[in-house]
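# Analysis of the macromolecular model
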Amino acid sequence: MTEPPAQSRRDFPPVDEQMALLRRGAVDLVDEAQLRAKLERARRTGEPLTVKAGFDPSSPDLHLGHTVLFRKMRHFQQLGHRVVFLIGDFTGRIGDPTGKKATRPQLTQEEVEANARTYQQQVFRLLDEKVTVIDWNSRWHTARGAAGLIQLAGRYTLARMMEREDFRTRFQEGRPIHLHELLYPLVQGYDSVALKADVELGGHDQIFNLLVGRDLMKEEGMEPQVVLTVPLLVGTDGTDKMSKSLGNAVGVEDSATDIYGKTMSIPDALMWDWYLLLTDLPEAEIAARRARVETGGLHPKAAKQELARRLVADYHGGAAARQAAAEFEKVFAGGGVPDAVPESELAGAWALGKLLAAAALAPSNAEARRLLQQGAVTVDGERVDDPLRELAPRPEPYLLKVGKRRFARVRLR
C-alpha cells in the first residue's frame, strides 16, 4: 500500500457546499442522509472520510469513460478527504461479470500487473498523486486463502446473487454462469470491509456489487459505507457506452489532435453530458451555454470547440489545446493537411484496398473495401472507390486520407 504522509487535523467546507459538489453528475446515492452525517462528523472531528474506488486492470489503456469516476474521486480530494485508488489485482483475475452476456476471460497475474502499471501512469493526469492512497486487494484476499473465501461465500445466498440482472438474464437464456463469477461481488464487497470504507464510488452498472459491500459491513458490525455511482459515459457515436472495442472511445493517452478531433465529432446533443461529466465547468454555466445554443445565441460548433479545448488542456496543457484547435481548423474546416502525417515505404505496386490496411488506415482488407465503397477514401485529394485500383511506384509519396481525420503518406519503390 502507498499511503501519503499523515496530515494534521483538517478543516472541511460546509456540508451543504460539499454535498452540492458530490451530487454533481451522480446517479445513485445510498443514502444521502448517511453521507451528510459522515460529512458532519468529519467537520466536527477533523478526520477525513475514507473514499474507495476499485479498478480491475482488465486492459492496458484508460479512456474518458473511466475519468468520470476519477473526477468524482478528485472532488472528494478537493474537499480534503482520503481517497483510495484500489487496484483489483485479485478481482481482476476473477473477471467482473457486470453487464456481460458471457463469462469474461480470466487474466494471468502477469497481464494484471502489466495493466496495473499503465493505470498508475495514467490516473494521475486527474488525481493528486501527493494525497492519493494506492492499495492492492490481493493484500488481504491472498492472506485469507481458500478457507477465508469459503467463509465469505457463506455470507450470501444464491437467491440473493440471482437478483443481479445479468446473472438472471443469462440463467433464463440458458447461458452458462461459472461459479467463480458468483464470488466476484462478494470479493469486491469484502474490499470495503478491509479498508473500512466510508464511501464507495463506482459506475452505475456496479450498483449491485457496491451494495453487497454495505451488506457485508453491516454483518461485521461496522458502519455501512455510502454508495455513490456515476453514469456510464456515452461514446463518440452518441449511442453506446464508451468502449475501445466499439471504436467510440477517446483514450486518456490519445494525442492532443485526436482528443480534439474526436470530441468535435460527437453529436451536438451529447456535448452537454460531456461538459457535466468530463469538465469542472459550473453547472449554471453549462446550463447558460445550452440555453444560448437553443435560442441561437451561440453556435453549437463554438460550444463544442470550447469543450474540446478543455479536454485537451486537461491531458496535454493549454498550449497543446490551442495548437490542436488551430490544426483542426486547418485540416477539417480549411481542407488542409496536418503538419505531422505518418509516412511509410513499401515495395512494388499495390491495390488500394490492401494498401489502406498496410498503411494502418484500415484494420483489415475487408474494412478497407467498405471504406472505399462508402466514398470515404481519397488519394492525392481524389476520391476513389475501387479497392482494386492499383497504385504504381513513383518518386513522390501518395497522400492517403480516410474520413476526416486519418492521413498517411506511402512511398512505393
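What you see is a predicted model, and the numbers here were worked out from it, not measured in a lab.

## Points about the packing of helix H3 (residues 64–78) against helix H12 (residues 271–278)
With their axes 9 Å apart at the nearest point, H3 and H12 run at an angle of 45° to one another. On the basis of their axis angle, the class for H3 and H12 is oblique. From H3, Leu64, Thr67, Val68 and Arg71 reach across to H12, where they touch Trp274, Leu277 and Leu278. Looking at the contact of H3 with H12 residue by residue, the class counts come to 5 nonpolar, 1 polar and 1 charged.

## A closer look at the sheet that holds strand S1 (residues 29–30)
Read from one edge of the open sheet, 6 strands run S1-S6-S5-S2-S3-S4, paired in mixed fashion. With one partner strand each, in any of the chains shown, S1 and strand S4 (132–136) form the two edges of the open sheet. Bridge count between strand S2 (residues 50–55) and strand S3 (residues 82–87): 6 bridges; the pairing is parallel. Looking at S3, one finds that Thr50 is bridged to Arg82. Of the strands in this sheet, S3 and S4 are in contact with helix H6 (residues 138–153), which crosses S4 at around 25°. Helix-sheet contacts for helix H10 (residues 207–219) involve S1, strand S5 (199–203) and strand S6 (226–230), and the interaxial angle to S6 is about 170°.

## Brief notes about the nonpolar core
In this structure, Leu64, Met73, Phe85, Leu201 and Trp274 are the most contacted members of the largest nonpolar core, which totals 66 residues. Membership of the second largest hydrophobic core comes to 22 residues, among which are Val84, Leu86, Tyr156 and Tyr184.

## A few points about the side chain of Gln188
Mapped onto the secondary structure, Gln188 falls in helix H9 (residues 179–195). With a relative accessible area of 8%, Gln188 lands in the buried category. A distance of 3.4 Å separates polar atoms of two side chains, one belonging to Gln188 and the other to Gln206. With residues up to four places along the chain from it excluded, the contact list for Gln188 reads Lys52, Thr91, Glu200, Gln206, Asn209 and Leu210.

Conventions we followed
Residues numbered from 1 in each chain as written. Predicted model: local features only at pLDDT ≥ 70, side-chain atom pairs only at ≥ 80, totals over all residues. Heavy atoms only, no water. Axes fitted to C-alpha atoms, helices over the stretch in contact; angles between N-to-C directions. Helix = DSSP H or I, 4+ residues; strand = E, 2+ residues; numbered from the N terminus. Parallel < 35°, antiparallel > 145°, perpendicular 65-115°, else oblique. Contact = heavy atoms within 4.5 Å. Nonpolar A, V, L, I, M, F, W, Y, C, P; charged D, E, K, R; others polar. Pairing = 2+ DSSP bridges. Core = buried A, V, L, I, M, F, W, Y, C linked by side-chain atoms within 4.5 Å. Buried < 20%, exposed > 50% of the residue type's maximum accessible area, 1.4 Å probe, protein only. Polar contact = N/O pair within 3.5 Å; in protein donor to acceptor, adjacent residues only side chain to side chain.

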